[in-house]
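Structure assessment
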Amino acid sequence: MTISGRPTSVNGVVNGNEAINDIPYGTTEIVLVRHGETTWNSIGRIQGALESPLNDVGRKQAVAIAERLANELKPTAIYSSDLKRAKDTADMIAKKCYCPKVIVVPELKERHVGSLQGLYWKEGEEKEPEAYRAFFSTQDDLEIPGGGESFNQLQERSMDAIEKIASMHKGERVIVVSHGGVLRAIYLYITKAAVAGKLLNASVNVLHFSNGDWDIKSWSDVSHLKGVGFLERGFNGDSINA
């Protein structure tokens, strides 16, 4: 993965005012964000690596998360998947946080789920049974028919991307906007848990990286969405309610 356009550090400043930097020495703080709600999220249609725009609720969620993060420690940089739903969310955050640009990292995009893409979840098992079984399989090296990725492939590229970002920002805070499948892969890698649970749109998930080790400081925080609302079913690749 190649990342260009790394900005000069401006850590320790919130909206032009000095702030106390409480990130431990040598530690990178990554605020991992799932994009706002999309049209396809709201109707139960499978996105994968296809495009689906933020809907009205998703845009309001993006504003809410941007306002929250603008009142916290200013990020040195903001990174995003190259899919529009993530990039649009990241752009709103960047504007509120006075970051000059969003750095696009294609490796942060959602999992390609093969022939399931574009179908509704309720019809996936009937129309594409082999791909459907592969998606929910516990066999992590099983690729999804129709050009899809295995879970191992998704996890490897997701972890590679955030570890490279973390290595460039020691002692700094950065924001990374990505997708439910990517967040699930990262969570399972770090925790070694069997399941990840719900991964909600526009949620805040805070990670620390230091000396090659990851620590989850908070997960699936949607307290900033109280006045906006969110899909409570979220993303859940561990069940048929994804």
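My aim in this report is to walk through the structure given alongside it, one point at a time. (Residues numbered from 1 in each chain as written. Predicted model: local features only at pLDDT ≥ 70, side-chain atom pairs only at ≥ 80, totals over all residues. Heavy atoms only, no water.)

A word on empty space enclosed by the protein
Under the definition given, this model contains one cavity of 30 Å³ or more. In this structure, the largest cavity spans a volume of roughly 310 Å³. Taken together, 26 residues line the largest cavity, and the ones lying closest to its centre are Arg-34, Asn-41, Glu-110, Trp-121 and Phe-235. Every element with two or more residues in the lining of the largest cavity is listed here: helix 1 (39–43), helix 6 (151–167) and helix 7 (180–191). (1 Å grid on protein atoms, 1.4 Å probe; cavity = no way out; pocket = protein on both sides within 12 Å on 5 of 7 lines; lining within 4 Å. Points joined across faces, edges and corners; volume = space filled by probe spheres on them. Helix = DSSP H or I, 4+ residues; strand = E, 2+ residues; numbered from the N terminus.)

A short note on the nonpolar core
Among the nonpolar cores identified, the biggest contains 40 residues, and Ile-30, Tyr-79, Leu-207 and Trp-214 are the most heavily contacted of them. Secondary-structure elements contributing two or more residues to this core are strand 3 (28–34), strand 4 (77–80), helix 5 (129–136), helix 6, strand 6 (173–178), helix 7, strand 7 (204–210) and strand 8 (213–221). Discounting chain neighbours no more than four positions away, the residues touching Ile-30 are Ile-162, Ile-165, Ala-166, Val-174, Val-176, Asn-205, Val-206, Leu-207 and Trp-214. Membership of the second largest hydrophobic core comes to 18 residues, among which are Val-33, Ile-93, Val-204 and Val-206. (Core = buried A, V, L, I, M, F, W, Y, C linked by side-chain atoms within 4.5 Å. Buried < 20%, exposed > 50% of the residue type's maximum accessible area, 1.4 Å probe, protein only. Contact = heavy atoms within 4.5 Å.)

Quick notes on the pattern of salt bridges
Within this structure, the stated rule accounts for 13 salt bridges. The residue Glu-67 makes a salt bridge to Lys-96 at a minimum N-O spacing of 3.9 Å. Highlighted residues: Glu-67 in helix 2 (residues 56–70) and Lys-96 in helix 3 (residues 84–96), separated in sequence by 29 residues. Judged by its relative accessible area of 38%, Glu-67 falls in the partly exposed class. On the basis of relative accessible area, Lys-96 is assigned to the partly exposed category, the value being 36%. Among the ionic pairs, Glu-72 bridges to Arg-173, the shortest N-O distance being 3.0 Å. Linking Glu-72 in the loop between helix 2 and strand 4 with Arg-173 in strand 6, this pair joins segments that are 101 residues apart in sequence. Look at Glu-72 and you get partly exposed, because its relative accessible area is 22%. Overall, the relative accessible area of 6% leaves Arg-173 in the buried class. In the salt-bridge network here, residues are joined through shared partners; they are Glu-29, Arg-68, Glu-72, Arg-173 and Asp-221. (Salt bridge = Lys/Arg side-chain N within 4 Å of Asp/Glu carboxyl O.)

So, the side chain of Arg-111
Structurally, the position occupied by Arg-111 is in the loop between strand 5 (102–104) and helix 4 (121–127). One buried charge, Arg-111, has no salt-bridge partner; the nearest side chain with opposite charge is Glu-149, at 5.7 Å. Among the polar contacts made by the side chain of Arg-111, one reaches the main-chain carbonyl oxygen of Glu-149 at a distance of 2.9 Å. Residues within four places of Arg-111 in sequence aside, it is in contact with Gly-48, Ala-49, Gln-117, Phe-135, Leu-142, Ile-144, Glu-149, Ser-150, Phe-151, Leu-154 and Arg-157. (Lys, Arg positive; Asp, Glu negative; His and termini not counted. Polar contact = N/O pair within 3.5 Å; in protein donor to acceptor, adjacent residues only side chain to side chain.)

Scope: geometric values only; no functional claims are made or implied.
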